[in-house]
Amino acid sequence: MFKSFFQAGFECATGYNRDGEWIDLIEDTWHHRHVDEDYRRLRAVGIATVRDAIRWPLVDRGGGRFDFSTVRKPVAAAVRHGIEVVWDLFHYGYPQGTDPLADDFAERFAAYCGACARYLRGRLPGTLWFTPVNEPSYMAWAAGDAAHFAPHLCGRAGELKVALVAAAIRGIDAIRAEVPDARFVHADPMCRVVPCDASAAAVAAAHHFNERGVFEARDMLAGRLRPELGGSPAHLDVVGINYYWNCQWVLGEQGSWLAPDDARRRPFRELALAAWERYGHEIVISETSHWGEHRAGWLDELAGEVEWLLARGVPLRGVCLYPILGMRDWHAPRDWMPMGLWDIDHAGGMRRVLHQPMFKALLRAQRRLQRHLPASRRA
């Protein structure tokens, strides 16, 4: 399905954080300046598929006008280095003057998606891949309940999730009108919670979250929930699973994540298997990583889970290391987070510094999974 099984994601969040500060991680990491070198480095370590961004707030000028000048360099670099891109079209940030809960939001997003498809059509070889709305479930909570991102709402996560999925469906239709064979990876967190106590109410709440809440956005995309939105299995396409070290916690205790050795924690294989069995679609780990000294161990552990799934015929088509570069903290932009395959020397011209333990873990994982992959996807 993809040019390489191991993939890389460039953190591309835009928007206003919880303090009302504008963030743009593509600019902060200087990926917009170093995209050619960033892509070249990826090919050198056996990665040929990336998640990268078209930033809606920078492209959509209003009144049906679109400026793709920020997309030219990544397109040229992708062609030059043989990189396949899954284009992230809406990563939290949206143009000023728009309202995600307004009636015309989905229409404006669809016009932008169609313009993106027209721009890319003919400029890149092979299949065009898109993630229309990144993490609708997380954004619904972060922007509609916790007020961490614009529009900084509380108590309206359910409405916002429906609005985001409705926009994604309209965006998919607009893209397919321009590029009928376009494909889609819908990246959304795969989380699990445990009850805070043994009471019937706590157990029921955790069960509802695990069996319904975490799947709501995907169910709407697939047309299983809120069919009036126009979703269908074809809209869902590839099920993207975003999974990090902090994706399992005690319900009601956000920020209190289950320790790696907590007996209540479930292995990743069970969560991925549940997603596949629910939809029967091909799946991809669309984001995964740890930080600091935990990076290599996380990848070693994940490789074992992936091998277990592949050996049992689960159609897992890729693992995206995300973010592939160190990044600023969204809500503390002066703090840098040591993540990814390369750290960033932000005091020395934003130089990329290979994190040797993570690199060695990637080599181990590539070797470990070779026998499960077709020759075309081996590093």
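Up top is the structure.
Let me begin by describing the structure that accompanies this report.

Thresholds, definitions, all that
Residues numbered from 1 in each chain as written. Predicted model: local features only at pLDDT ≥ 70, side-chain atom pairs only at ≥ 80, totals over all residues. Heavy atoms only, no water. Pairing = 2+ DSSP bridges. Helix = DSSP H or I, 4+ residues; strand = E, 2+ residues; numbered from the N terminus. Axes fitted to C-alpha atoms, helices over the stretch in contact; angles between N-to-C directions. Contact = heavy atoms within 4.5 Å. Buried < 20%, exposed > 50% of the residue type's maximum accessible area, 1.4 Å probe, protein only. Lys, Arg positive; Asp, Glu negative; His and termini not counted. Salt bridge = Lys/Arg side-chain N within 4 Å of Asp/Glu carboxyl O. Core = buried A, V, L, I, M, F, W, Y, C linked by side-chain atoms within 4.5 Å. Right-handed = clockwise from strand over helix to strand, strands pointing away. Patch = residues over 30% accessible without salt bridge, like charges linked within 9 Å, V, L, I, M, F, W, Y side chains within 5 Å. Areas by Shrake-Rupley, 256 points an atom, 1.4 Å probe, with all protein chains shown as cover. Charge placed at Lys NZ, Arg CZ, Asp CG, Glu CD. Polar contact = N/O pair within 3.5 Å; in protein donor to acceptor, adjacent residues only side chain to side chain.

## Here we look at the sheet that holds strand β14 (residues 316–321)
Turning to step 1, where the next piece is worked out: Here eight strands make up a closed barrel; going around it, the order is β1-β4-β7-β8-β9-β11-β13-β14 and the pairing parallel. Going from strand to strand, the sheet's axes swing by 25° on average, the running direction of each strand aside.
Turning to step 2, where the next piece is worked out: Pairing geometry for strand β9 (residues 183–189) and strand β11 (residues 238–242), over five bridges, is parallel. Looking at β11, one finds that H186 is bridged to V239.
Turning to step 3, where the next piece is worked out: Packed on one face of the sheet, helix α13 (residues 356–369) meets β1 (6–9) and β14 and runs near 145° to β1.

## Quick notes on the side chain of E84
Turning to step 1, where the next piece is worked out: Assignment of secondary structure puts E84 in strand β7 (residues 84–88).
Turning to step 2, where the next piece is worked out: K3 provides the closest opposite charge to the buried, salt-bridge-free E84, at an N-O distance of 6.9 Å.
Turning to step 3, where the next piece is worked out: With residues near it in sequence (within four places) discarded, E84 still touches M1, F2, K3, A48, T49, V50 and W129.

## Details of the pattern of salt bridges
Turning to step 1, where the next piece is worked out: This structure, assessed with the given rule, holds 28 salt bridges.
Turning to step 2, where the next piece is worked out: Salt-bridge contacts for R183 lead to E282; the nearest nitrogen and oxygen are separated by 3.9 Å. Of this pair, R183 sits in strand β9 while E282 is found in the loop between α11 (268–279) and β13 (283–288), placing the two residues 99 residues apart along the sequence.
Turning to step 3, where the next piece is worked out: One salt bridge in this structure joins R368 and E307, with 2.8 Å as the shortest N-O distance. Of this pair, R368 sits in helix α13 while E307 sits in helix α12 (residues 295–311), and the two are 61 residues apart along the sequence.
Turning to step 4, where the next piece is worked out: Judged by relative accessible area, R368 falls into the partly exposed class, the value being 39%.
Turning to step 5, where the next piece is worked out: In the salt-bridge network here, residues are joined through shared partners; they are E37, D38, R41 and R352.

## Points about the nonpolar core
Turning to step 1, where the next piece is worked out: Counting 121 residues, the largest nonpolar core has Y39, I54, W87 and L120 as the members making the most contacts within it.
Turning to step 2, where the next piece is worked out: Core analysis: the second largest hydrophobic core is formed by six residues, F2, V86, V238 and V284 among them.

## Quick look at the pairing of β13
Turning to step 1, where the next piece is worked out: For β13, the tally of buried residues reaches six of six residues, placing the bulk of the element in the interior.
Turning to step 2, where the next piece is worked out: Examined bridge by bridge, β11 and β13 share four bridges and lie parallel to one another. For I241, the partnering residue across the bridge sits in β13 and is I285.
Turning to step 3, where the next piece is worked out: Since β13 and β14 lie parallel, the crossover through α12 that links them has a hand, and here it is right-handed.

## Observations regarding a negative patch on the surface
Turning to step 1, where the next piece is worked out: On the surface, D99, D103, D104 and E107 cluster together into a patch of negative charge.
Turning to step 2, where the next piece is worked out: The residue D103 is located in the loop between β7 and α5 (105–120) in this model.

## Topic: the environment of D24
Turning to step 1, where the next piece is worked out: By the element assignment, D24 lies in strand β3 (residues 22–24).
Turning to step 2, where the next piece is worked out: Using a relative accessible area of 4% as the deciding quantity, one classes D24 as buried.
Turning to step 3, where the next piece is worked out: Considered as a pair, D24 and E301 are 277 residues apart in the sequence and their alpha carbons are 31 Å apart.
Turning to step 4, where the next piece is worked out: From its side chain, D24 meets the backbone nitrogen of I26 in a polar contact 3.2 Å long.

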